[in-house]
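The primary structure of each chain is shown beneath.
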Amino acid sequence: MHKSNLIALYTLFRKEVVRFIRIWPQTLVPPIMTQSLYFLIFGKFIGSQINDINGVSYMAFIVPGLVMMSVISNSYVNVAGSFFSSKFQRSVEELLVSPAPNWVIIGGYVLSGALRGILCGFLVFGVSVFFTRPTISHIGLIVMFIVLTAIVFALGGLVNGILARKFDDVSIVPTFVLTPLTYLGGVFYSIALLPDVWRNLSKINPILYMVNGFRYGFYGFSDVNVYMSVGILVLFAVLLTIVNLTLLKKGKGLRS
Amino acid sequence: MSDAITITDLKKTYDDGTEALKGIDLQVKAGDFFALLGANGAGKTTIIGILTGLVNKSGGSVQVFGKDLDKQFNEVKRMIGVVPQEMNFNQFEKVQDIIVTQAGYFGIRRPQALADSERLLKQLELYEKRNVPSRSLSGGMKRRLMIARALVTHPKLLILDEPTAGVDVELRHTMWEYLREQNQNGLTILLTTHYLEEVEQLCRNAAMIRDGKIVANDSVKNLVNILEVETYVVNVDQVKSMEALNGYNAKAVDGTTFTLDLRKDQNVSQFVAEICKLGMTIHDFRPQGNRMERLFLELLK
């Protein structure tokens, strides 16, 4: 690996991290606000009426899902928004005229986007401590799931950012795809409680595997096979990396 | 002198079917200050886009300092600094950050980039503005920022796409001086401009492009010599009989001014002598308009 490429990677990563930290009221505070409301309404007010799930209080049960929800949306939106904005302002040309290879562009955006996602997840977890005391069974799995999920959705956000032609295109996927899939991905319930049809339908939702794999790290139980969850995450990461590399090589939406 | 740029049969057809380049052949020598001239839509920016990797070519080959654009894409880009026609930096980023970040993309370590950026900001009189967001700069300052950003990567070839567009006269002259100095220090410069006076002031060689084809490629001096007729504006104390100026194409503009078309075979001193014979005193004698511009129009006829 060429040293100058590592410097370019660090430069892009640093620039992106400085950007989202500089505008922290827009990037880091909203997830804390939103997830606090979830803890309060679903966990405290409604959750107190719901029985324990596999011996875990409902409030504790939703913690991994809400953390994961924050990781997913923030890592995705960070990369999609930032990359499209650089296209819109044409500052992406600073990167395109440089000798930085495409993997550096992907690496810089994805690592910084993933970091924002993880940071938001960490903050949401911090908030959850005010409401409950989640237990930790497999710290290694927790770290692996949060990192892989953040990377996968940052990669997805980059695909969105590359292909987007207008600002609306950046918000379509989070609104109409990610949010429904996350809500239906077992954040607030165990799919074991669902009728067969819905349970089977839920199993085609990739976010279900991420949420449950992450939850397994906390409480040691899951609605799906944890190894399959890891496999799905790795598969998505590889596929989305290939898609990004192809799009950048062809210059789709970037070169005429 | 080796070639900085060798372009052979370069073609570009855009997705909408527009044939922007129809087989361009062009050589720019290392160390040259070369102008690429053409009307809007002639293909100048497309050539620059291909050289810098922002436009995919449809055919032909491009070499920069012997490196092939297709085979050594990143090595080629490493040697080029570009100042585009339109502003293309993050308007919310600070001035120095923009320069330092660009250096980082080219693999230059941050301490080195900071030192280089400070030097360039001082040279281009932007140092006082280094910590302000770029959006607060004036148009001329933004142009200079883009020059600093292009130079921080230590390019061997600097490409300037209409760098003085919208820049006031005084600043334009300061920029010319700076660019001339860079060229004297060995930097090869490829310039496109609509200020044709700029070409006469700065460039040694020039190519003219029309409808995606090169229509002239020579030294600026030789190109200027193509002009058959030079038009002058003459101010005198009082315009007298023009008919007496036999063999000269002179037209009165007002009571004290006339224009004169002087062919290459006609002598200025002889004309001045004729004027004196007629009892007119010359107060001012100057070329009308820009010679390159007239040449440009001549070639594009």
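For the structure, see preceding data.
All figures in this text were calculated on a predicted structure; none of them were measured in a lab.

Chemist: I'd like a description of the overall build of chain B, backed by residues and values.
Modeler: Of regular secondary structure, chain B possesses 10 helices and 14 strands. A principal-axis box enclosing the C-alpha atoms of chain B has dimensions of 70 × 45 × 40 Å. Looking at chain B as a whole, 50% of its 301 residues are labelled buried. Restricting the contact set of chain B to residue pairs at least 6 apart, pairs at least 24 apart contribute 68%. Accessible surface for chain B amounts to roughly 13,700 Å². Of this, 46% is attributable to carbon and sulfur atoms. Looking at charge distribution, chain B has the averaged site of its 38 positive side-chain charges lying 5 Å from that of its 39 negative ones.

Chemist: How would you explain the overall build of chain A if you had to name every residue and give the values?
Modeler: Helices and strands together make up the secondary structure of chain A, namely 11 helices and zero strands. In chain A, the succession of α and β elements from N to C terminus is α-α-α-α-α-α-α-α-α-α-α. A compact globule built from 256 residues should have a C-alpha radius of gyration of about 18 Å, and chain A, at 19 Å, falls within 12% of that. Here the C-alpha coordinates of chain A stretch approximately 60 × 35 × 35 Å along the principal axes. Taken across its 256 residues, chain A has 54% of its residues classed as buried. Residue pairs in contact within chain A that sit at least 24 positions apart in sequence constitute 82% of those at least 6 positions apart. Split by element, the accessible area of chain A, about 11,500 Å² in all, is 70% carbon and sulfur. Here chain A carries 19 positive and 8 negative side-chain charges, and the mean point of each set is 7 Å from the other.

Chemist: An account of the layout of surface pockets is needed here, citing residue identities and associated values.
Modeler: The gaps of empty space that remain are located by a probe, the size of a water molecule, rolled over the atoms. Of the voids in this model, the largest pocket is the one considered here, and its volume is about 790 Å³. Taken together, 32 residues make up the lining of the largest pocket; nearest its centre are Lys 15, Glu 16, Arg 19 and Arg 22 of chain A together with Asn 90 of chain B. Counting residues per element, the ones that place at least two in the lining of the largest pocket are helix H1 (3-22), helix H2 (24-27) and helix H4 (58-88) of chain A together with helix H3 (95-105) of chain B. Ranked by the residues each element gives to the lining of the largest pocket, the list is headed by H1 of chain A, at nine residues. A per-class count over the lining of the largest pocket returns nine nonpolar, 13 polar and 10 charged. The calculated volume of the second largest pocket comes to roughly 650 Å³. For the lining of the second largest pocket, the secondary structure elements donating two or more residues are H4 and helix H5 (92-96) of chain A together with helix H1 (44-52), strand E6 (80-83) and helix H5 (139-151) of chain B. The element contributing the most residues to the lining of the second largest pocket is H1 of chain B, with five residues. Of the residues contributing to the lining of the second largest pocket, the split by class is 16 nonpolar, 11 polar and 10 charged.

Basis of the calculations
Residues numbered from 1 in each chain as written. Chains lettered and ligands numbered in written order. Predicted model: local features only at pLDDT ≥ 70, side-chain atom pairs only at ≥ 80, totals over all residues. Heavy atoms only, no water. Helix = DSSP H or I, 4+ residues; strand = E, 2+ residues; numbered from the N terminus. Buried < 20%, exposed > 50% of the residue type's maximum accessible area, 1.4 Å probe, protein only. Contact = heavy atoms within 4.5 Å. Areas by Shrake-Rupley, 256 points an atom, 1.4 Å probe, with all protein chains shown as cover. Lys, Arg positive; Asp, Glu negative; His and termini not counted. Charge placed at Lys NZ, Arg CZ, Asp CG, Glu CD. Rg over C-alpha atoms; globule rule 2.2 N^0.38 Å. 1 Å grid on protein atoms, 1.4 Å probe; cavity = no way out; pocket = protein on both sides within 12 Å on 5 of 7 lines; lining within 4 Å. Points joined across faces, edges and corners; volume = space filled by probe spheres on them. Nonpolar A, V, L, I, M, F, W, Y, C, P; charged D, E, K, R; others polar.

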